[in-house]
Amino acid sequence: MRDSYPQSLEKILNELEGSNKSTLQLIQQRATVLLKLNRAVIALLPTPLQDKCRVANYRNAILIIEVINASWLTRLRYEIPALLSALRQEILPSLSSIDIKINPSFRTKEEKRPLISSIKEQNPKNRRHLSLESAQSLKYLAEKSPKKLREKLERLAALAGESTSTAKDDVN
């Protein structure tokens, strides 16, 4: 069984203080090693996977890689044998296995945009407009309709005036 239980930061820092180097230097060295390892792993992966995963940690001869979701995890699993042998030959001869974790908070910048705002940003000028003829037809129909339907048709007809004023503003 792997020893992958969370440890308190205080415990880790106390262990680091016992050594000759300062805690900050050790953390900086560890981060630098992980960044270099991440670059190497990303370079060995196929292009579609490169921005969907990253190295999270390396401990006890086990490389831990994070992916965005389960579909990319499945895709990465197909690459594990080749990645494992390449890493053993080039960088980590002591590497025993690769563990993959799903981390939904790790996403690319394009994926972090909310769907609604991206729809609004796509083409604000291609919105549908109500023509004046249609508005007049709706007003005529509203005159002969029951009260509830009349109110709704009149509100809809009023949108024609708003859409023509915004269309004129867009042109100017």
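In this text the structure is predicted, and so the values were computed from the model without any measurement.

### Brief notes about the overall build of the chain
In step 1: Of the regular secondary structure elements, the chain holds eight helices and three strands.
In step 2: Counting over 172 residues, the chain shows a buried share of 26%.
In step 3: Of the roughly 13,000 Å² of accessible surface on the chain, 55% is carried by carbon and sulfur atoms.

### Some thoughts on the nonpolar core
In step 1: The biggest cluster of nonpolar side chains holds 22 residues, and the ones touching the most others in it are V41, L45, L63, I65, L76, L95 and I98.
In step 2: Among the secondary structure elements, those contributing two or more residues to this core are α2 (23-44), β1 (53-59), β2 (62-67), α4 (70-90) and β3 (97-102).
In step 3: Broken down by element, this core gets its largest block of residues, six residues, from α4.
In step 4: Look past the residues within four positions of I98 in its chain and what remains in contact with it is L63, I65, I80, L83, L84 and L87.

### What about the sheet that holds β3?
Within a sheet, adjacent strands bond to each other through the backbone by hydrogen bonds, running parallel or antiparallel.
In step 1: Strand order in the open sheet formed by three strands is β1-β2-β3, with mixed pairing between adjacent strands. A strand with exactly one partner marks an edge of an open sheet, and here the two such strands are β1 and β3. Here the average twist between neighbouring strands, direction ignored, is 25°.
In step 2: Note that β2 and β3 share six bridges and pair parallel. Paired with I64 across the strands is D99, a residue of β3.
In step 3: The strands that α2 touches are β1 and β2; relative to β1, the one it contacts most, it runs at about 130°.
In step 4: Sheet strands in contact with α4 are β2 and β3, and its direction is about 160° off that of β3.

### A closer look at the pairing of β2
In step 1: Within β2, six of the six residues are buried, which leaves it mostly tucked inside the rest of the structure.
In step 2: Alignment of β1 against β2, held across six bridges, turns out to be antiparallel. Note on β2: the bridge partner recorded for R54 is E66.
In step 3: In this antiparallel pair of consecutive strands, β1 and β2, the connection spans two residues, and N60 shows a positive phi of 50°.
In step 4: Note on the crossover from β2 through α4 to β3: the handedness is right-handed.

### Things to note about unusual backbone geometry
As a rule of thumb, non-glycine residues mostly have phi less than zero, and peptide bonds are mostly trans rather than cis.
In step 1: Look at N60: it is not a glycine, yet its phi comes out positive at around 50°.
In step 2: Here N60 is to be found in the loop between β1 and β2.
In step 3: Even without a glycine there, the phi angle at A61 is positive, about 65°.
In step 4: Looking at where A61 falls in the secondary structure, it is placed in the loop between β1 and β2.
In step 5: Classification of A61 by relative accessible area gives partly exposed; the value is 21%.

### Here we look at the pattern of salt bridges
In step 1: All chains considered together, the criterion is met by two salt bridges.
In step 2: When the shortest N-O distance is used, the salt bridge between E66 and R54 registers 2.8 Å. Placement of the pair is E66 in strand β2 and R54 in strand β1, with a sequence separation of twelve residues.
In step 3: Two residues, K101 and D99, come together in a salt bridge whose shortest N-O distance is 3.5 Å.

What counts as what
Residues numbered from 1 in each chain as written. Predicted model: local features only at pLDDT ≥ 70, side-chain atom pairs only at ≥ 80, totals over all residues. Heavy atoms only, no water. Helix = DSSP H or I, 4+ residues; strand = E, 2+ residues; numbered from the N terminus. Buried < 20%, exposed > 50% of the residue type's maximum accessible area, 1.4 Å probe, protein only. Areas by Shrake-Rupley, 256 points an atom, 1.4 Å probe, with all protein chains shown as cover. Core = buried A, V, L, I, M, F, W, Y, C linked by side-chain atoms within 4.5 Å. Contact = heavy atoms within 4.5 Å. Pairing = 2+ DSSP bridges. Axes fitted to C-alpha atoms, helices over the stretch in contact; angles between N-to-C directions. Right-handed = clockwise from strand over helix to strand, strands pointing away. Salt bridge = Lys/Arg side-chain N within 4 Å of Asp/Glu carboxyl O.

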